[in-house]
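# Secondary and tertiary structure notes
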There are 2 protein chains.
Amino acid sequence: MKNSGLLIVLSGFAGSGKGTIMKKLTAAYPDRYALSVSATTRSIRPGEEEGRDYFFKTKEEFETMIRRKELLEYATYVGNYYGTPKKYVEEQLSTGKHVLLEIEIQGAIQIKAKFPDTLLLFVTPPSAKTLLNRMHGRGTESEDEIRARMKRAIEEAQGSDVYDYLIINDDLDQCVEQTNRIIENERCRMKYCLEDIYIIEEDLKRYLKGEEI
Amino acid sequence: MKNSGLLIVLSGFAGSGKGTIMKKLTAAYPDRYALSVSATTRSIRPGEEEGRDYFFKTKEEFETMIRRKELLEYATYVGNYYGTPKKYVEEQLSTGKHVLLEIEIQGAIQIKAKFPDTLLLFVTPPSAKTLLNRMHGRGTESEDEIRARMKRAIEEAQGSDVYDYLIINDDLDQCVEQTNRIIENERCRMKYCLEDIYIIEEDLKRYLKGEEI
């Protein structure tokens, strides 16, 4: 158990920088983290790449993946499907890497129910004002799309109490380190260390019997 | 809630170095941590000081404190009473400091039941061999006392799964930093951050109504 990686969900408001945090984390610690690549039916944005940012699917293709149970979780968000292909995640975890999933709240709840050890992290800018400035600054969405995302953000805020930790993305580099520390500390949770204690216990029993340890 | 300190329990095998970790932590971050001073009926050891290491009490005095409910928890350990005077802990928490309690498992369970947000940390040397070497090296206990402590350590090992984190004390300075990180991260738990999210949510609602934020 200790040698298997952890499943880490990063959710957060659009414009929270969660995608950037994940990329920086995998770039800084490539041996420790793997990025899960989601499948989606939304349109490709300028600068995005098939298989790196997403697997872009038609609605029909996505629904076939659902039927074949090839997804760890899936959800709809602003009219599109988003989901996590299962196979890649399982392969990475078995090599000991932590797998980072960028999914929203519906998916996070599905994953936590199936895998209770999943660490759920919620990323937010320090304020609503920063969030809106980033959205407008990105310039990839219309005002109507931004308003739709803000409505969605309000719903997400209301469900955010299911998450384990809140990560406030004020300074990006500090935020990446904070995220790394939270994940690394998870390794020290007693549930992952019971074997370490058991070995000491057995050795002490041998000592009390007069055996060499 | 966010401005109140956290109650932190450090338990661990005799010889684990938990006392040293606590002292180093408060010395390194005096504004952040306060050390709780326990009351005990055990004899004072060379180098120990009344009111700094313990409040040394007779059995009768200790039992009076129990009756007057002046203790946050108490327990017996190798034939002596140990307990945490309530007043000092509450004063320190209200100033925003984290209060470190060095207590054993019976007391830890009592505290966690009364205050579920208490963080329970269990400290261990990296191996049983290190543990025994430290006990013998300390030279303050007879072989019979060491064997009594080892028997107790086995019991503690068997109950250690109630703790939140395991801290392996191999390199002392690293261990102190690790302990500090675990405690600081606890602050990012969603349960302590719900107000941050609520403020953003309310601001977004105002934005959608066309108000200035």
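Residues numbered from 1 in each chain as written. Chains lettered and ligands numbered in written order. Predicted model: local features only at pLDDT ≥ 70, side-chain atom pairs only at ≥ 80, totals over all residues. Heavy atoms only, no water.

### Focus: the relation of the copies chain B and chain A
Here two copies of a chain appear, and what relates them is a rotation about an axis with a shift along it. At an RMSD of 0.0 Å, chain B and chain A line up after a rotation of 180° and a shift of 0.0 Å along the axis. The symmetry that links the two subunits is that of a two-fold axis. When the interface residues of chain B are mapped onto chain A, 100% of them are again interface residues, pointing to one common binding face. (Least-squares fit on C-alpha atoms with pLDDT ≥ 70 in both. Contact = heavy atoms within 4.5 Å.)

### Notes on the interface of chain B and chain A
Every contact between the two is made by 45 residues of chain B and, on the other side, 45 residues of chain A. In terms of surface lost to chain A, no three residues of chain B exceed M190, Y207 and L208 of chain B, which account for 16% of the buried area on that side. Our enumeration of links across chain B and chain A arrives at zero salt bridges. Along the contact surface separating chain B from chain A lie 16 residue pairs in polar contact (both at pLDDT 80 or more). Elements represented by at least two residues in the side of chain B that touches chain A include exactly β8 (119-124), α5 (128-138), α6 (143-159), β9 (165-168), α7 (172-186) and α8 (190-208) of chain B. (Buried area = accessible area lost by both parts, 1.4 Å probe. Salt bridge = Lys/Arg side-chain N within 4 Å of Asp/Glu carboxyl O. Polar contact = N/O pair within 3.5 Å; in protein donor to acceptor, adjacent residues only side chain to side chain. Helix = DSSP H or I, 4+ residues; strand = E, 2+ residues; numbered from the N terminus.)

### Focus: α5 of chain B
For α5 of chain B, the set of buried residues is A128, L131, L132 and M135 of chain B. Seen along its axis, α5 of chain B keeps its buried residues to an arc of 95°; they face one direction. Turned more than 90 degrees away from the buried face of α5 of chain B sit N133 and G137 of chain B, all of them exposed. Looking at the buried residues of α5 of chain B, the elements they touch are α8 (190-208) of chain A together with α6 of chain B. Of the residues one or two after α5 of chain B, G139 of chain B is the one with positive phi, at around 65°. (Buried < 20%, exposed > 50% of the residue type's maximum accessible area, 1.4 Å probe, protein only. Arc of directions from axis to C-beta.)

### Brief notes about the nonpolar core
Side chains of a nonpolar character, in soluble globular proteins, are inclined to be buried together. Counting 40 residues, the largest nonpolar core has L121 of chain A together with L121 of chain B as its most contacted members. Those residues in contact with L121 of chain B that sit more than four places away from it in its chain are I8, V9, L10, S11, Y163, Y165, I167, T179, I182 and I183 of chain B. (Core = buried A, V, L, I, M, F, W, Y, C linked by side-chain atoms within 4.5 Å.)

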